[in-house]
Amino acid sequence: MLVSWNSTNQCNMFCDHCYREAGARLEEELSTDEAKKLLREIKRAGFRIMIFSGGEAMLRPDIYELGAYAAEIGLRPVLGTNGTLITPEAARKLKDAGFMAAAVSIDSLDKEKNDRFRRFEGALELALQGIENLKAAGIAVQINTTVMEWNLEEIDAIIDFAAAKKAMGHHLLFLVPTGRAINIEEEALRVAKYEKTLAHIMERQKTVDIELKPTCAPQFMRIADKKGINLRFSRGCLAGISYCIISPRGDVQPCAYLNIPLGNVKEQPFDEIWRDNDMFKALRSEEYKGKCGICDYRQRCGGCRARAYYYSGGDYMAEDSWCLYKPQGQIS
């Protein structure tokens, strides 16, 4: 089980695809004491992996203190970052605080393309240096890439780059229109290309020693099974089942792309929200509609609940219309 906390909305970038529309720090972001209380409640709820993300988590002054506290109470702290602020000193402090791994975003190995997408001059160069600094400090690195129409032809090169850097994994994130990403929805891969790309990534898994994981693309589980590829994952969409996300102000939502507040940790303990909320219970029921509800991969895949919500006009239990698979027993 893993949980992600957007520890601040503050960010030094203004990325086109940001689901949180990060930039400026928000009023009423969780204080250090409130954050520590949240961490205790996350531990009590049975979670193991604690992801500190943003915005840019490195802009939170108490990030080292909070990471150390998470480790102290038995959570596994990891960092989600754009990598640009990971100096050698920062990397050593993260290591000393107990951070076990860091995911660094690289969307293109072409400086101009990467920096334009992230609206930050020098983003690629600084991220690459950040990766080296993390490795030197003994922190495992994961590469994250958002897959778009414009960088699709670069995916193989980024996979090879991640493998050459001996990253612990390369996670390929598929766009769901949320936050600023609504403005670039047309740049997302369409259904046939989406399926083909997932199949290609799973074929590439056979050629590299690092973990490749499509994210917000749960159909990769079906494709992997059919190709006989053994993965450590048991399920595609984890939203509300073994994963959720918390906003800088403390709002709990099922995933980054299902922007539906289910309660605020300042008003109700996180573990109670996780246990008792009706939407979480519905997601755990797996009582999906349409072909997702009759699919023989319902438990392995689950369909992307955020994509189902967006393209159905607001039903998070609807079928995921981006799936080409025809379930056994489907009439048409």
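Use the structure listed above.
On a predicted model such as this, the values are computed, not experimentally measured, just so you know.

*Asks:* Talk me through the pattern of salt bridges; I want residue IDs and the actual numbers.
*Replies:* Applying the stated criterion across every chain yields a total of 21 salt bridges. Among the ionic pairs, E149 bridges to K193, the shortest N-O distance being 3.2 Å. Residue E149 is located in the loop between β5 (140–147) and α6 (155–164), and its partner K193 is located in helix α7 (residues 191–205); the two are separated by 44 residues in the primary sequence.

*Asks:* Please provide a residue-by-residue account of the environment of R48, values included.
*Replies:* With respect to the helices, strands and loops of the structure, R48 is situated in the loop between α1 (32–44) and β2 (49–53). Using a relative accessible area of 63% as the deciding quantity, one classes R48 as exposed. C-alpha separation for the pair R48 and T32, spaced 16 residues apart in sequence, amounts to 20 Å. Discounting chain neighbours no more than four positions away, the residues touching R48 are M1, L75 and R76.

*Asks:* An account of the packing of aromatic side chains is requested, with residue identities and associated values reported.
*Replies:* Tallied over the entire structure, the rule returns 13 aromatic pairs. Plain terms: the ring middles of F47 and W274 are 4.8 Å apart, the flat faces sit at 65 degrees to each other, and that makes the pair edge-to-face. Of the two residues, F47 sits in the loop between α1 and β2 while W274 sits in helix α9 (residues 270–276), which places them 227 residues apart along the sequence. What makes W274 buried here is its relative accessible area of 7%. Sitting over the face of the ring of Y288, R305 holds its NZ or CZ atom 4.3 Å from the ring centroid. Sitting over the face of the ring of W322, R307 holds its NZ or CZ atom 5.0 Å from the ring centroid.

*Asks:* Just give me the short version of the sheet that holds strand β1 (residues 2–6), but keep the residues and values in it.
*Replies:* Sheet architecture is open: nine strands sit in the order β7-β6-β5-β4-β3-β2-β1-β8-β9, paired in mixed fashion. At either end of the open sheet lies a strand with only one pairing partner, and these are β7 (211–215) and β9 (252–253). Two strands pair when backbone bridges link them, and strand β4 (residues 101–105) and β5 are joined in this way by five bridges, in the parallel orientation. Bridging across to β5, A101 finds its partner in A140.

Rules used in this analysis
- Residues numbered from 1 in each chain as written.
- Predicted model: local features only at pLDDT ≥ 70, side-chain atom pairs only at ≥ 80, totals over all residues.
- Heavy atoms only, no water.
- Salt bridge = Lys/Arg side-chain N within 4 Å of Asp/Glu carboxyl O.
- Helix = DSSP H or I, 4+ residues; strand = E, 2+ residues; numbered from the N terminus.
- Buried < 20%, exposed > 50% of the residue type's maximum accessible area, 1.4 Å probe, protein only.
- Contact = heavy atoms within 4.5 Å.
- Phe/Tyr/Trp six-rings, centres within 6.5 Å; stacked < 30°, edge-to-face > 60°.
- Lys NZ or Arg CZ within 6 Å of the ring centre and 35° of its normal.
- Pairing = 2+ DSSP bridges.

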